[in-house]
Amino acid sequence: MKTVPSGGTVLGDDAEASFVATVLRGVVRVTKSMRDGREQIVGLVYPGEFFGRLFADRTSFSYEAASDLVLCVMDRHGFEAVLQRHPELEHEIMLRGFNDLARAYERSMLLTAQSTLERVSTYLLVTLDRREQLLEHMSVELHKRVSVSVLTRRDMASYLGTTIETISRHVHYLAAQGVIRIIDASHFEVLNHIRLMSISGLTGSDLAVLSGRPPSSTTSAINSGYK
């Protein structure tokens, strides 16, 4: 078990890939440094998800704590040895890798094709769906549909490829339209899920890929009357 405070570095870019980990609590932001010193957030790792570089000596990205983290950490070499002895586990890790790759492709496509309003709407939908998956796993009854962002507005702007001012403008627009209610800077109650989906331009399958939910369960949930 390993705890990392918000803002701390879990694994640096081009660092020794000494361990892999699963997130138990909190969110890891995956960043890449550019030659001019800027950093771009290229991904987020949520509770229940695995990260780290297998079968490689150095990391390709920096893994940082977007919020206070609790991790289950495993020595990389030891974990690789376990995978070689247990093909079914190796198969599961391979499937997770393919899912991560599909999510990266989906996000890349959306960032290229979507307007900034659509990106903000998508972010709210994904964070809402991930929270609801976690609560379902814990058998917690939902009373309000709340999207929770662990990212600062600066990090959100980097992740969505826009500016802090643009994000603020779109959030207040969605609130004025009665689609969401702003609780505070990190919590947004979704009042009209169908309308938010329409604004984002996502299909149920798109949202399933981005949020890590099986497509059938996402589509069924939408069809069952999300508002």
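Shown above is the structure to which this text applies.
Residues numbered from 1 in each chain as written. Predicted model: local features only at pLDDT ≥ 70, side-chain atom pairs only at ≥ 80, totals over all residues. Heavy atoms only, no water.

Peer 1: Break down a nonpolar patch on the surface for me, with residues and values.
Peer 2: On the surface, Met94, Leu95, Phe98, Leu101 and Tyr105 cluster together into a nonpolar patch covering about 510 Å² of accessible area. Mapping Phe98 onto the fold places it in helix H2 (residues 87–113). (Patch = residues over 30% accessible without salt bridge, like charges linked within 9 Å, V, L, I, M, F, W, Y side chains within 5 Å. Areas by Shrake-Rupley, 256 points an atom, 1.4 Å probe, with all protein chains shown as cover. Salt bridge = Lys/Arg side-chain N within 4 Å of Asp/Glu carboxyl O. Helix = DSSP H or I, 4+ residues; strand = E, 2+ residues; numbered from the N terminus.)

Peer 1: Before we move on, can you summarise the sheet that holds strand E11 (residues 187–190) with the specific residues and values?
Peer 2: Within a sheet, each strand pairs with its neighbour through backbone hydrogen bonds, oriented either parallel or antiparallel. The strand order across the open sheet built from three strands is E9-E11-E10, with neighbouring strands paired in antiparallel fashion. The open sheet has two free edges, formed respectively by strand E9 (146–148) and strand E10 (180–182), since each of these has just one partner strand. Averaged over all pairs of adjacent strands, the angle between their axes in this sheet comes to 30 degrees, without regard to strand direction. Sheet topology places E10 next to E11; three bridges connect them, and they run antiparallel. Paired with Arg181 across the bridge in E11 is Glu189. Most of the contacts of helix H3 (residues 116–137) go to E9, to which it runs at about 100 degrees, and overall it touches E9, E10 and E11. (Pairing = 2+ DSSP bridges. Axes fitted to C-alpha atoms, helices over the stretch in contact; angles between N-to-C directions. Contact = heavy atoms within 4.5 Å.)

Peer 1: I'd like to hear about the sheet that holds strand E4 (residues 28–33), residue by residue, with values.
Peer 2: Spatially, four strands are ordered E2-E7-E4-E5 in an open sheet, and the strand pairing comes out antiparallel. Of all the strands in the sheet, the pair left with one neighbour each is strand E2 (9–11) and strand E5 (39–45). In this sheet, neighbouring strand axes are inclined to one another by 35 degrees on average, regardless of whether the strands run parallel or antiparallel. Judged from the two bridges that link them, E2 and strand E7 (residues 62–65) form a sheet pairing that is antiparallel. Paired with Thr9 across the strands is Glu64, a residue of E7.

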